[in-house]
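Overview (structure and organization)
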Amino acid sequence: MATKKFEYEWSETPPSVAIIEAIARLENCPSTKLVPTHGIVLSETIDPEALDRLVTTGESVSVTFSVDKYDVTLTEKMLIVRAT
């Protein structure tokens, strides 16, 4: 199982974008190909806009959920994506 950790400034990169980019890296494809090639759609799992608002509040936060075959954890500065 592959696990990747990424550090972000959420004010510069929205969490919803970072998740798609991270999964695309693990799938070894451009982020624009996740939906047509792999059928991975973030909005089928979680509301991307609500997630972005939650994580960018500046408060201490930890959110964990699954997207397709990946477990995703977000904190105030970290994104962890693990293939299951």
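Structure first, text after, so check above.
Residues numbered from 1 in each chain as written. Predicted model: local features only at pLDDT ≥ 70, side-chain atom pairs only at ≥ 80, totals over all residues. Heavy atoms only, no water.

**Structural notes on the overall build of the protein**
- The helix and strand tally for the protein stands at 3 helices and 4 strands.
- Of the regular secondary structure in the protein, the N- to C-terminal order runs β-α-α-α-β-β-β.
- For the protein, whose C-alpha radius of gyration is 12 Å, the value lies close to the compact-globule estimate of 12 Å for 84 residues.
- By sequence separation, contacts in the protein at least 24 residues apart represent 47% of the contacts at least 6 residues apart.
- A total accessible area of about 5,000 Å² is found for the protein, and carbon and sulfur atoms account for 48% of it.
- Side chains of the protein give 8 positive and 13 negative charges; the mean places of these two sets differ by 8 Å. (Helix = DSSP H or I, 4+ residues; strand = E, 2+ residues; numbered from the N terminus. Rg over C-alpha atoms; globule rule 2.2 N^0.38 Å. Contact = heavy atoms within 4.5 Å. Areas by Shrake-Rupley, 256 points an atom, 1.4 Å probe, with all protein chains shown as cover. Lys, Arg positive; Asp, Glu negative; His and termini not counted. Charge placed at Lys NZ, Arg CZ, Asp CG, Glu CD.)

**Section: the pattern of salt bridges**
- Enumeration over the complete set of coordinates arrives at 3 salt bridges.
- In this structure, E9 engages K77 in a salt bridge whose closest nitrogen and oxygen atoms are separated by 2.9 Å. Linking E9 in the loop between strand 1 (3–7) and helix 1 (15–27) with K77 in the loop between strand 3 (70–75) and strand 4 (78–83), this pair joins segments that are 68 residues apart in sequence.
- With a relative accessible area of 39%, E9 lands in the partly exposed category.
- For K69, the salt bridge goes to E27, with nearest N and O atoms at 3.3 Å. (Salt bridge = Lys/Arg side-chain N within 4 Å of Asp/Glu carboxyl O. Buried < 20%, exposed > 50% of the residue type's maximum accessible area, 1.4 Å probe, protein only.)

**Concerning the nonpolar core**
- Judged by nonpolar contacts, the single largest core of 24 residues is most densely connected at I19, I23, F65, L74 and L79.
- Secondary-structure elements contributing two or more residues to this core are helix 1, helix 3 (48–55), strand 2 (62–67), strand 3 and strand 4.
- Tallying contributions element by element places helix 1 first for this core, with 5 residues.
- Look past the residues within four positions of F65 in its chain and what remains in contact with it is I19, L42, T45, I46, L51, Y70, D71, V72 and L74. (Core = buried A, V, L, I, M, F, W, Y, C linked by side-chain atoms within 4.5 Å.)

**Quick look at the sheet that holds strand 1**
- In spatial order, the strands read 1-4-3-2; together these 4 strands make up an open sheet with antiparallel pairing. With partners counted over all chains shown, the strands left at the sheet margins are strand 1 and strand 2, one partner each. Geometrically, the sheet is characterised by an average inter-axis angle of 15 degrees between neighbouring strands, direction not taken into account.
- The sheet contact formed by strand 3 and strand 4 spans 5 bridges and is antiparallel. By the bridge assignment, V72 is partnered in strand 4 with V81. (Pairing = 2+ DSSP bridges. Axes fitted to C-alpha atoms, helices over the stretch in contact; angles between N-to-C directions.)

**Focus: the packing of aromatic side chains**
- Taken as a whole and assessed by the stated rule, the structure comprises 2 aromatic pairs.
- Relative to W10, the ring of Y8 lies with its centre 5.0 Å away and its plane at 20 degrees, an arrangement referred to as stacked.
- Residue class for Y8 comes out buried when judged on its relative accessible area of 14%.
- Judged by relative accessible area, W10 falls into the buried class, the value being 6%. (Phe/Tyr/Trp six-rings, centres within 6.5 Å; stacked < 30°, edge-to-face > 60°.)

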